[in-house]
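Fold and contact review
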Amino acid sequence: MQLSPRRKALRVIGVTLSIIGIIIFLYTIFVMQEIHWYDNPGPEPGDIEFDHRTFQAIIGFVGVIFMLLGFSTYRFIPSSEREI
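These numbers were taken from a predicted model, which means no experiment stands behind them.

Regarding the overall build of the chain
Within the chain, the regular secondary structure consists of two helices and two strands. The helix and strand sequence of the chain, counted from the amino end, reads α-β-β-α. Counting the 84 residues in the chain, one finds 20% classified as buried. Restricting to contacts in the chain with at least 6 residues of sequence separation, those with at least 24 account for 67%. Total accessible area on the chain stands at roughly 6600 Å², and carbon and sulfur atoms take up 67% of it.

Structure, rendered in structure tokens:
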């Protein structure tokens, strides 16, 4: 099957985004260190603590979004090439 240059570029971008998403997701699961952040210098009653699990979940979600964007970009067919 002969692909147009635009489809080839979209496939390369899609694969690249998916690989970046997989790397981010795996980094979140296996490498990320525990993070504790307080709004004051020390933990006192009533302080806001930013839990590392929340941060890991956010970064992992970004990785999943990158994977989904990569997959949809890889599968995208420009309107000029669609069959009518």
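Remarks on the side chain of Ser18
On the secondary structure map, Ser18 appears in helix H1 (residues 5-30). Ser18 gets classed as buried once you look at its relative accessible area, which sits at 18%.

Focus on the packing of aromatic side chains
Scanning the entire structure with this criterion turns up zero aromatic pairs. Here Arg11 stacks its cationic end above the ring of Tyr74, 4.7 Å away from the centre of that ring.

Regarding the side chain of Gln56
Relative to the elements of secondary structure, Gln56 occurs in helix H2 (residues 52-75). Using a relative accessible area of 11% as the deciding quantity, one classes Gln56 as buried. If we ignore the near neighbours within four places in the chain, the residues touching Gln56 are Thr28 and Met32.

What to know about the environment of Gly60
Considering the arrangement of structural elements, one finds Gly60 in helix H2. Judged by its relative accessible area of 8%, Gly60 falls in the buried class. Residues Gly60 and Tyr27 lie 33 residues apart in sequence; the distance between their C-alpha atoms is 8.5 Å. Other than its neighbours up to four places away in sequence, Gly60 contacts Phe25 and Thr28.

So, H1
The end-to-end C-alpha distance of H1, which contains 26 residues, comes to 37 Å, matching closely the 38 Å that a straight helix rising 1.5 Å per residue would cover. Turning to H1, its buried residues are Arg7, Leu10, Gly14, Ser18, Gly21 and Thr28. Among the structural elements, H2 are those in contact with the buried residues of H1.

Observations concerning a nonpolar patch on the surface
A surface patch of nonpolar side chains, about 670 Å² in accessible area, is lined by Ile22, Phe25, Leu26, Tyr27, Ile29, Phe30 and Val31. Considering the arrangement of structural elements, one finds Leu26 in helix H1. With relative accessibility at 41%, the residue Leu26 sits in the partly exposed group.

Conventions and cut-offs
- Residues numbered from 1 in each chain as written.
- Predicted model: local features only at pLDDT ≥ 70, side-chain atom pairs only at ≥ 80, totals over all residues.
- Heavy atoms only, no water.
- Helix = DSSP H or I, 4+ residues; strand = E, 2+ residues; numbered from the N terminus.
- Buried < 20%, exposed > 50% of the residue type's maximum accessible area, 1.4 Å probe, protein only.
- Contact = heavy atoms within 4.5 Å.
- Areas by Shrake-Rupley, 256 points an atom, 1.4 Å probe, with all protein chains shown as cover.
- Phe/Tyr/Trp six-rings, centres within 6.5 Å; stacked < 30°, edge-to-face > 60°.
- Lys NZ or Arg CZ within 6 Å of the ring centre and 35° of its normal.
- Expected span 1.5 Å × (residues − 1).
- Patch = residues over 30% accessible without salt bridge, like charges linked within 9 Å, V, L, I, M, F, W, Y side chains within 5 Å.
- Salt bridge = Lys/Arg side-chain N within 4 Å of Asp/Glu carboxyl O.

It is worth stressing that arrangement in space is one thing and function is another; only the former is reported here.
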